[in-house]
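Reading the structure
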Amino acid sequence: MLLVMLGVLIFIFALSKAPNNVDPVTIILGDTYTQEAYDEVYHELGLDRPILTQFLDYVWGVITRLDLGTSYQTRKAVSTEALARFPISLRISLLAVLISLPIGVVLGIIAAYKQYSPLDYTITVVSMIGQAMPNFWLAIMLIMFFSLKLKLLPASELNDWRGYILPALTMASTPISTITRMTRATMLEVIRQDYIRTARSKGLTERTILFRHALQNACIPIVTQVGNQIALTVGGSAVIENIFLIPGLGAYLIFSINANDTPAVQGTVLLFSAFVTVVNITLDILYGYIDPRIKAKYTNTSSLAKKLAKEAKKSGMEAA
Amino acid sequence: MMETTALDRKKRLNTTSGQFRIALRQFRRNKIAVVGIIIFLIIVLSCVFADKISAYDYAAQDIRNKFAPLSMEHPFGTDQFGRDVFTRMLYGGRISLVVAFSAVLLSAAVAVLLGTTAAFFGKAYEMIVMRIIDILQSIPGLLLAAAVSTAIGTGIQNSIIAIAIGQLANTTRLMYSATLTVKNQEYLEAARACGASKTRIIFHHVIKNILAPLIVQVTSRLGSGITQIASLSFLGLGVMPPTPEWGSILNAGKQYMRSYWPLVTFPGLVIALTLISVSFIGDGIRDAVDPRLKR
Amino acid sequence: MSLLEINNLEVQYVMTDETIHAVNNISFSLEKGECLGLVGETGAGKTTTALSILRLLASPPAKTVNGEILYKGQDILKLREKEMREIRGDEITMIFQDPMTSLNPVKRVGDQIAEVIMQHRHCSKTEAFRLACDMLNQVGIRDERATEFPHQFSGGMKQRVVIAMALACQPNLLLADEPTTALDVTIQAQVVEMMIALRKQYQMSMIFITHDLGLVADICDKVAIMYAGEIVEYGNLEDIYLRTSHPYTVGLFGSIPSLSKDVDRLSPIQGLPPNPAKLPTGCKFHTRCERASEKCSCDEPLFHEIEPGHFVRCHLFDQEEHDDG
């Protein structure tokens, strides 16, 4: 995991040194400046040092002081700006996923149990539409309807809890659909398994079979999907925050990109990446608890088998 | 009097062309997928023949006519510069679709190359490639594309590359695991007698094994490709005005949301319809190709 | 009154393009403490028969078109689902072919056994778990292993767990669907011995489904040979093994490789099993039968009782019956 984070650092550092980037000095100094002023700022930013030194300095700063650099725009530490905005984005994403999880799972179970019925058909089609629908359009439509026409919910203030509703709902549209479809697909597979037949032959009620046998086995892909959706919603936050004028991390990133504020971009991407990595690690730990086989797999298996198992998990994560 | 046994039937079905025919038949049966294809074709063809369908020039400004009410001449209304929205959508579609298609295909090509070789040659090369993929995968897709845009710039070509990189990790991983499973089997078979053209056998089997998930992946990635280019343009990256593109049109419309709703509703509607139809098609393909789902 | 009586059972699987005739008009009965061997090739309808006794068939596409299954005199097919659940696991239980997939991988073994006990015996959780451990001991597994998961057991041990689970409530009837097919031969022997002992101990009736005639000789009292969804020969061990009558049964015995004799080639039954969606007319075996005549391709043979308790479904015995049909 740490290797991945290091890799990300290298990656975004390389991006920031890419040719297309606007000269940071000009951002700070503006349009008119003397050669002296230019050199001064250039030296101040440490841009005259060899690239490797700059990089190592940067990494060191991140690791030891959590210092993500200084914003060209505001001349303040990126970490303070970013970390101030991060909770807001996180709140909305979590809220969205928290709404989606129970609804999605329930709908998925219903669809699976009543496969091929009109209800299943409806749920499937609606979730397909929900998954495909671009959420920025949904956001705008919701705003037009709820805020402008009905004047029920605010479109852009986060003053109270009501401000969270529309953004969270918008962000929830994809997770609900994806979780529904994933639950449905997984449940369909699980209820065809032999051990379900065994459970039935023991005389257990359908309800017991569902909750104590089927769901626990279906959990793993669903949990994977939840983790995936958390990562995805955080990533997709940029557009939503833009529309709802929410001062979140995604909006900050876009703003920084447009302002050519390279340290800010670097720091924000790093933060996102760190978050996704943490989510993945948490998921891995969670698997060990849910599925005893996974715990066993990490004790003694051939390297190929381990590779395959890891790949299956990771592919399953992106499968929707 | 003996009917064709199950064995004969299986033999016929196991050829590649046989499987293709089955998949096609299954696809046609899927009503949703058929609807998806129809809608998608309508949209694509409209964009391709934009100049035949609409007489307007998408860049022609007519300020006096801005925010015109909906009519036969302006079924989608006009924007803040008096340009016909319908026309801009048609031409914009060309950009959006071309960028999305190209990005997805580019991404797929690189992914196949990277993924299969990584699984095949193993050792250090595999580790390096997959670590890079891990790194890429830890940055959410849209953000990755946006970040890459900062490095290489905006515009059509650069957007294609940026989006392709954004989608690369996912597809590569898929190709990698698909090849891994074949690799596991092939050593057993290849170890047997028929030594001649072992490489060819492996090649053949690898292609067969990755073809199905690849097709499914490409069709499903197309939707997110369209979303991403639209999002990028929406956010001010991607394609720059005055070049029409669905996302940037929507972005402009957002400002006038309160006063003039068509500018925001119709572009979004078209995007939504396209995405939904692509999604239906993708699902239909997935169902047709996956042998496990039989009634 | 027999413990189990099946009359004219007919089960089909209705698919989109074809209908599969899995079970075509079979009848037999089973007394208390008896073991019936149900023998036949894959696809003969054995598993479907067993599943219909417990009503575990997936209801579309499976359809019980005709017949009755009388358990202790009551027609199971007419029972309400709730009443059926009381019978499953308690009075009639089943063990399935593949032990690898029969157990829930995320639940502990002891819990899975305790579950069926709690379902039918209304005792506390601890009590049920203790009984589960006892059952494990009975099948030769130390009860410390009750807290382990299925993947920690080998194939043979898993099957023992399944057997323990099936016998936990001391059922009257055990349906065993090829319980040893997926196991190594040496493990097979152990498991079969264990089943014989347990059967004796619990005085349990059993329907033992297999395609292995050797096992049948070990464990069964009566045998029913199934082909294409029908019972083509039925009788007790002696009848079937010593006075084999139906050409199919003869073929089955003939195709077993012999340890004592040296032969150049094996002699399997020629041809392949018929497609259950397009069964042959007349006698369903006539296309592969060496002794088939014209009659065999148009008329369906009746079930003739050629000696008391020994039935054959073949035209060769049309004149040899003791009494009518």
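A short tour of the structure in this document, coming up. Just so it is clear, the structure is predicted and the values come from calculations on it, not from any experiment.

Another aspect to go through is the overall build of chain B. On a plain count of helices and strands, chain B comes out with 11 helices and zero strands. Counting from the amino terminus, chain B carries its helices and strands in the arrangement α-α-α-α-α-α-α-α-α-α-α. Every one of the 295 residues in chain B was classed for burial, and the buried ones make up 52%. In chain B, the proportion of contacts linking residues at least 24 apart, taken out of those at least 6 apart, comes to 70%.

Here the focus is the pairing of strand β8 (residues 205-210) of chain C. Residue and element names in this part refer to chain C. In terms of residue burial, β8 counts as a mostly covered element, since six of its six residues are buried. The two faces of β8 match: S205, I207 and I209 on one face and M206, F208 and T210 on the other face are all buried. The pairing of strand β3 (residues 35-39) with β8 spans five bridges and is classified as parallel. Bridging across to β8, G37 finds its partner in F208. As judged from the five bridges shared by strand β7 (residues 173-177) and β8, these two strands associate in the parallel manner. If you follow A176 over to β8, its bridge partner there is F208. Taking the sense of rotation as the criterion, the β-α-β connection linking β7, helix α7 (residues 185-202) and β8 turns out right-handed.

It is worth spelling out helix α5 (residues 125-138) of chain C at this point. Residues and elements named next belong to chain C. Across its 14 residues, α5 extends 20 Å between first and last C-alpha, which sits within 8% of the 20 Å expected from 1.5 Å per residue. On the buried face of α5, the contacting elements are α4 (109-121), α6 (155-167) and α7. Trailing α5 by a residue or two, G140 shows a phi angle of about 85 degrees, which is positive.

Moving on, we come to the interface of chain A and chain B. Between chain A and chain B, the residue contacts involve 49 residues of the former and 58 residues of the latter. Of all the elements in the fold, those that place two or more residues in the side of chain A that touches chain B are α1 (2-16), α6 (118-132), α7 (135-149), α8 (162-190), α10 (206-244), α11 (249-258), α12 (262-290) and α14 (303-318) of chain A. Among the elements that line the side of chain A that touches chain B, the one with the most residues is α14(A), at eight residues. Each residue belonging to the side of chain A that touches chain B can be placed in one class, and the counts come to 33 nonpolar, nine polar and seven charged.

Turning to the side chain of C:T210, a few remarks are in order. All names here are of chain C. Its location among the elements puts T210 in strand β8. A polar contact of 2.8 Å, which involves the side chain of T210, links it to the backbone nitrogen of D212. Discounting chain neighbours no more than four positions away, the residues touching T210 are L38, V39, G40, K46, E178, L215 and V216.

All names here are of chain C. Burial analysis of β7 places five of its five residues in the buried class, the great majority of the element. On β7, burial covers both faces: L173, L175 and D177 on one face and L174 and A176 on the other are all buried. Taken together, the four bridges between strand β6 (residues 92-95) and β7 define a ladder with parallel strand orientation. Opposite I92, over in β7, you have L173 as the bridge partner.

Here we come to the packing of α6(C) against α7(C). Each pair of packed helices can be described by the angle between their axes along with the distance between the axes. Residues and elements named next belong to chain C. Packing of α6 against α7 brings their axes to within 10 Å, and their N-to-C directions diverge by 15 degrees. Our classification of the angle between α6 and α7 gives roughly parallel. Once α6 is placed against α7, the crossing between them reads as right-handed. Across from G156, R160, I163 and L167 in α6, the residues of α7 making contact are I187, Q190, V191, M194, M195 and L198. Across the contact of α6 with α7, the residue classes break down as seven nonpolar, two polar and one charged.

On to the pattern of salt bridges, then. Residue and element names in this part refer to chain C. All chains considered together, the criterion is met by 26 salt bridges over all chains. Where E307 meets R243, a salt bridge forms, and the shortest distance between an N and an O atom there is 2.8 Å. One end of the pair, E307, is in strand β11 (residues 303-307); the other, R243, is in the loop between α9 (237-242) and α10 (247-254), with 64 residues separating them in the sequence. Counted as one network, the salt bridges with shared partners bring together E238, D239, R243 and E307.

Right, let's get into the packing of aromatic side chains. Residue and element names in this part refer to chain C. With the rule as written, the count across this model stands at eight aromatic pairs over all chains. On the numbers, 4.6 Å between centres and 55 degrees between planes, the contact of Y227 with Y248 is tilted. Here Y227, found in strand β9 (residues 222-227), pairs with Y248, found in helix α10; they are 21 residues apart in sequence, far enough to count as distant. Here Y227 falls in the buried class, since its relative accessible area comes to 2%. Between the aromatic rings of Y248 and F285, the centroid separation amounts to 5.3 Å while the plane-to-plane angle is 65 degrees, which identifies the pairing as edge-to-face. Linking Y248 in helix α10 with F285 in the loop between α10 and α11 (294-298), this pair joins segments that are 37 residues apart in sequence. Each member of the pair, Y248 together with F285, is buried. Grouped by ring-pair contacts, the aromatic residues Y227, Y248 and F285 constitute a single cluster.

Excluding glycine, a negative phi dihedral is what most residues carry, and trans is how most peptide bonds are arranged. Residues and elements named next belong to chain C. Phi is positive for Q170, which is not a glycine, with a value near 50 degrees. Along the chain, Q170 turns up in the loop between α6 and β7. Although it is not a glycine, Q203 adopts a positive phi angle of roughly 55 degrees. Tracing the sequence through the fold places Q203 in the loop between α7 and β8. A relative accessible area of 48% means that Q203 is categorised as partly exposed.

On to the sheet that holds β3(C), then. Residues and elements named next belong to chain C. The mixed open sheet is built from eight strands, whose spatial order is β6-β7-β8-β3-β9-β10-β12-β11. Only two strands of the sheet have a single partner each, and these edge strands are β6 and β11. Strand-to-strand twist across the sheet, computed as the mean angle between neighbouring axes with direction ignored, equals 20 degrees. Inspection of the sheet shows strand β10 (residues 230-236) paired to strand β12 (residues 310-313) by two bridges, in the antiparallel sense.

Residue and element names in this part refer to chain A. Where α6 contacts α8, the axes come no closer than 8 Å and their chain directions differ by 140 degrees. One way to sum up the angle between α6 and α8 is to call them oblique. α6 and α8 meet at a crossing whose hand is left-handed. Between α6, through D120, I123, T124, S127, M128, G130 and Q131, and α8, the contact on the second element is made entirely by S173, T174, S177, T178, T180, R181 and R184.

Soluble, globular proteins show a tendency: their nonpolar side chains are buried together. Residues A:F136, A:I140, A:M187, A:I243, A:F244, A:L270 and B:W246 are the most contacted members of the largest nonpolar core, which totals 145 residues. Here this core spans two domains, and each of domain 1 (2-65) and domain 2 (78-302) of chain A adds at least three residues to it. Setting aside its immediate chain neighbours within four residues, A:I140 contacts A:I243, B:L250, B:M257 and B:V264. Of all hydrophobic cores here, the second largest spans 57 residues; its members include C:I95, C:A114, C:I141 and C:Y202.

Turning our attention to a nonpolar patch on the surface. Residue and element names in this part refer to chain B. Where nonpolar side chains cluster on the molecular surface, the patch consists of L41, L45, V48, F49 and I53 and spans about 440 Å² of accessible area. Examining the composition of the nonpolar patch, we find that three residues originate from one element, helix α3 (residues 31-48), more than from any other. Within the secondary structure, L41 is located in helix α3. Taking relative accessible area as the criterion, L41 reaches 43% and is therefore assigned partly exposed.

All names here are of chain C. Pairing within the open sheet is antiparallel, and its four strands lie in the order β2-β1-β4-β5. Across the chains shown, the open sheet's two edge strands, defined by having one partner strand only, are β2 (19-30) and β5 (74-75). Relative to β2, strand β1 (residues 4-14) runs antiparallel, the two sharing nine bridges. Looking across to β2, one finds that L9 is bridged to I26.

What counts as what
Residues numbered from 1 in each chain as written. Chains lettered and ligands numbered in written order. Predicted model: local features only at pLDDT ≥ 70, side-chain atom pairs only at ≥ 80, totals over all residues. Heavy atoms only, no water. Helix = DSSP H or I, 4+ residues; strand = E, 2+ residues; numbered from the N terminus. Buried < 20%, exposed > 50% of the residue type's maximum accessible area, 1.4 Å probe, protein only. Contact = heavy atoms within 4.5 Å. Pairing = 2+ DSSP bridges. Right-handed = clockwise from strand over helix to strand, strands pointing away. Expected span 1.5 Å × (residues − 1). Nonpolar A, V, L, I, M, F, W, Y, C, P; charged D, E, K, R; others polar. Polar contact = N/O pair within 3.5 Å; in protein donor to acceptor, adjacent residues only side chain to side chain. Axes fitted to C-alpha atoms, helices over the stretch in contact; angles between N-to-C directions. Parallel < 35°, antiparallel > 145°, perpendicular 65-115°, else oblique. Left-handed = near helix turned anticlockwise from the far one by under 90°. Salt bridge = Lys/Arg side-chain N within 4 Å of Asp/Glu carboxyl O. Phe/Tyr/Trp six-rings, centres within 6.5 Å; stacked < 30°, edge-to-face > 60°. Core = buried A, V, L, I, M, F, W, Y, C linked by side-chain atoms within 4.5 Å. Domains from an automatic or database assignment. Patch = residues over 30% accessible without salt bridge, like charges linked within 9 Å, V, L, I, M, F, W, Y side chains within 5 Å. Areas by Shrake-Rupley, 256 points an atom, 1.4 Å probe, with all protein chains shown as cover.

Just geometry here; none of it tells us what the structure is for.
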